[in-house]
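# Working through the structure, step by step
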Amino acid sequence: MAGCKRITLLWLILFSIGIIFSSYFFPLQVKAEIQLGTTVVDTQSNGLGLLIWTVIIVGGCIGITLSYVSWRKYKGEKNKKMQKDDLVD
């Protein structure tokens, strides 16, 4: 159960860092002008930056998950081997 809390805390920290960096490096720039009752918003300047951060965050999540699963598999196989060796003695 403590491992689950650590993983949740790690996800929260990584998510927070991602939000902070994305807002720092790619600030949202909105230009609004009133012309005859309509609002013009400039959103083209941020399209590629948000895509890059999305790819980085999703790729990072996948990488962390695969690393965790591999580590758990290694530990499980190691424990299974130790139990098998104890049975032989």
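Look a little higher up for the structure.
Worth saying up front: this structure is predicted, and the values here are computed from it rather than measured.

Secondary structure assignment for the chain yields two helices and two strands. Tracing the chain from N to C terminus, the helices and strands come up as α-β-β-α. Across the 89 residues that make up the chain, the buried fraction comes to 6%. Working note: accessible area of the chain is about 8100 Å², and carbon and sulfur atoms make up 68% of it.

Applying the stated rule across the entire model yields one aromatic pair. Measuring from centroid to centroid gives 6.3 Å for tyrosine 68 and tryptophan 71, while their planes differ by 40 degrees, and the two rings are tilted. Taken together, the residues tyrosine 68 and tryptophan 71, both in helix α2 (residues 47-88) and three residues apart, mark about one turn of the helix. Classification of tyrosine 68 by relative accessible area gives partly exposed; the value is 36%. Relative accessible area serves as the criterion here: at 45%, tryptophan 71 is assigned to the partly exposed category.

A surface patch of nonpolar side chains, amounting to about 950 Å² of accessible area, comprises Leu9, Leu10, Leu12, Ile13, Leu14, Ile17, Phe21, Tyr24, Phe25 and Ile64. At nine residues, helix α1 (residues 2-25) tops the list of elements feeding residues into the nonpolar patch. Here leucine 9 shows up in helix α1.

Here we take up the environment of isoleucine 57. Looking at where isoleucine 57 falls in the secondary structure, it is placed in helix α2. On the accessibility criterion, isoleucine 57 (35% relative accessible area) is partly exposed.

Each value, and the rule that gives it
- Residues numbered from 1 in each chain as written.
- Predicted model: local features only at pLDDT ≥ 70, side-chain atom pairs only at ≥ 80, totals over all residues.
- Heavy atoms only, no water.
- Helix = DSSP H or I, 4+ residues; strand = E, 2+ residues; numbered from the N terminus.
- Buried < 20%, exposed > 50% of the residue type's maximum accessible area, 1.4 Å probe, protein only.
- Areas by Shrake-Rupley, 256 points an atom, 1.4 Å probe, with all protein chains shown as cover.
- Phe/Tyr/Trp six-rings, centres within 6.5 Å; stacked < 30°, edge-to-face > 60°.
- Patch = residues over 30% accessible without salt bridge, like charges linked within 9 Å, V, L, I, M, F, W, Y side chains within 5 Å.
- Salt bridge = Lys/Arg side-chain N within 4 Å of Asp/Glu carboxyl O.

It is worth stressing that arrangement in space is one thing and function is another; only the former is reported here.
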